[in-house]
Amino acid sequence: MRTLSAVVVTLALGAPVLSQTHQPGQLEAPQAQQTAASSVQAPPAQPQGPPQGPGPGSGMGHGMGHGKGGAMDAQHQADMELFHYLGDHGREITRAIKVLPDGVETVTESDNPEVASRIQAHVLSMAARVKEQRPIHRRDPLFAEVFAHADKIEMRHENTPKGVKVVETSGDPYVVRLIQAHAEVVSLFITHGRQEMMKNHEVPARPAAQ
Ligand code: HEM
């Protein structure tokens with residue numbers, strides 16, 4: 001089984017939980033291990049650009065937002081701005097991943113109400129993209145693969161007072177791996193910010209039985 005590289009702590013949820021907590025100036029220390037984990041280095045301070053709103057009217061995409069039929073995706077630019085905002089505020093975001101047999105359950109939150117509401121907006125927008133199969137960030141092979149199988153992804157989310165809880169599952173074992181790999185990459189985005197967004201991420205191997 002693929003191991004998830006992240007800071008691992010055990011939360012009182014009764015199941016393996018990968019969790020990251022980023023407090024300003026605080027290094028994460030791996031605690032109780034549920035799976036093999038690589039240590040996560042404290043990221044360099046991310047450049048803090050001016051907050052950019054995700055609201056409607058923020059313009060058209062610029063070339064990477066081609067949807068299923070190649071048409072420009074008007075929501076693309078707003079989504080990109082949200083990614084960047086979240087990446088730039090990673091130190092204010094906490095995230096716990098519970099690995100389920102058929103997917104993941106995640107809780108992603110912030111004590112900063114503005115960051116919390118942007119997390120909620122991002123997940124709402126991404127859930128619509130998964131449901132409607134409107135890909136984004138296909139330059140990254142993992143994201144391309146997630147969207148190629150979006151019809152097999154079940155994504156439920158509910159807002160918490162400080163962010164969002166997401167349950168993402170699939171009946172297809174390969175898609176389960178994609179969901180879990182994607183959840184790991186979201187954690188990397190939180191840790192490393194924009195520099196991680198520029199990277200491509202590996203597509204997991206298909207389960208042997210397939
Ligand atoms: C710090 C930055 C980010 C945060 C906090 C964040 C947070 C989240 C959360 C909570 C989910 C729900 C699924 C899960 O919890 O695993 C999600 C889904 C998603 N995010 Fe992000 N995200 C970030 C950056 C990005 C970036 C940079 C991209 C693409 C360029 C992206 C694309 C997506 C997509 C496509 C989904 C839906 C697909 C899926 O969940 O499998 N996110 N994100």
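Residues numbered from 1 in each chain as written. Predicted model: local features only at pLDDT ≥ 70, side-chain atom pairs only at ≥ 80, totals over all residues.

### Quick look at the site of the ligand
Turning to step 1, where the next piece is worked out: Near the ligand there are 28 residues, and of these F83, L86, T106, M126 and H137 occur at the shortest range.
Turning to step 2, where the next piece is worked out: Among the elements of the structure, helix 1 (76-88), strand 3 (103-110), helix 2 (113-132), helix 3 (141-148), strand 5 (163-169) and helix 4 (173-192) are those that each provide at least two residues to the shell around the ligand.
Turning to step 3, where the next piece is worked out: Grouping the amino acids of the shell around the ligand by side-chain chemistry returns 19 nonpolar, seven polar and two charged. (Near = placed C-beta within 6 Å. Helix = DSSP H or I, 4+ residues; strand = E, 2+ residues; numbered from the N terminus. Nonpolar A, V, L, I, M, F, W, Y, C, P; charged D, E, K, R; others polar.)

### Quick word on the nonpolar core
Turning to step 1, where the next piece is worked out: Core analysis: the biggest nonpolar cluster contains 29 residues, and I97, V104, I119, V123, V175, I179 and A183 have the highest contact counts within it.
Turning to step 2, where the next piece is worked out: Contributing elements (two or more residues each) for this core: helix 1, strand 2 (93-100), helix 2, helix 3, strand 5 and helix 4.
Turning to step 3, where the next piece is worked out: If you tally residues by element for this core, the top one is helix 4, at nine residues.
Turning to step 4, where the next piece is worked out: Contact partners of V123, with chain neighbours within four places excluded, come to H157, V164 and V166. (Core = buried A, V, L, I, M, F, W, Y, C linked by C-beta atoms within 7 Å. Buried ≥ 20, exposed ≤ 12 C-beta atoms within 10 Å, placed from the backbone. Contact = placed C-beta atoms within 7 Å.)

### Let's talk about the environment of F83
Turning to step 1, where the next piece is worked out: In this structure, F83 sits in helix 1.
Turning to step 2, where the next piece is worked out: The class of F83 is partly exposed, set by 19 C-beta atoms lying within 10 Å.
Turning to step 3, where the next piece is worked out: Considering only alpha carbons, one finds F83 and M197, 114 residues apart in sequence, at a separation of 8.6 Å.

### So, the environment of N112
Turning to step 1, where the next piece is worked out: Relative to the helices and strands, N112 resides in the loop between strand 3 and helix 2.
Turning to step 2, where the next piece is worked out: C-alpha of N112 to C-alpha of H89: the two residues are 23 residues apart in sequence and 9.6 Å apart in space.

### Quick notes on helix 2
Turning to step 1, where the next piece is worked out: Between its first and last C-alpha, helix 2 extends 29 Å over 20 residues, near the 28 Å set by a 1.5 Å rise per residue.
Turning to step 2, where the next piece is worked out: Looking only at helix 2, the buried set comprises V115, A116, R118, I119, V123, M126 and R129. In an axial view of helix 2, the angular spread of the buried residues amounts to 160°, which keeps them on one side of the axis. What points out from helix 2, more than 90 degrees from its buried face, is the exposed set P113, E114, A128 and E132.
Turning to step 3, where the next piece is worked out: The first or second residue beyond helix 2 is Q133, which carries a positive phi of 55°. (Expected span 1.5 Å × (residues − 1). Arc of directions from axis to C-beta.)

### Some words on unusual backbone geometry
Turning to step 1, where the next piece is worked out: Even without a glycine there, the phi angle at Q133 is positive, about 55°.
Turning to step 2, where the next piece is worked out: Turning to its location among the elements, Q133 is positioned in the loop between helix 2 and helix 3.
Turning to step 3, where the next piece is worked out: Positive phi outside glycine occurs at H137, with the angle close to 60°.
Turning to step 4, where the next piece is worked out: For H137, the position within the fold is in the loop between helix 2 and helix 3.

### Observations concerning the packing of helix 1 against helix 2
Turning to step 1, where the next piece is worked out: At a closest axis distance of 10 Å, the pairing of helix 1 and helix 2 adopts a crossing angle of 140°. Classed by the angle they form, the pair helix 1 and helix 2 counts as oblique. Handedness of the crossing formed by helix 1 with helix 2: left-handed. Facing D79, L82, Y85 and L86 of helix 1, the residues of helix 2 in contact are R118, I119, A121, H122 and S125.
Turning to step 2, where the next piece is worked out: Of the residues belonging to the contact of helix 1 with helix 2, the class tally is five nonpolar, two polar and two charged. (Axes fitted to C-alpha atoms, helices over the stretch in contact; angles between N-to-C directions. Parallel < 35°, antiparallel > 145°, perpendicular 65-115°, else oblique. Left-handed = near helix turned anticlockwise from the far one by under 90°.)

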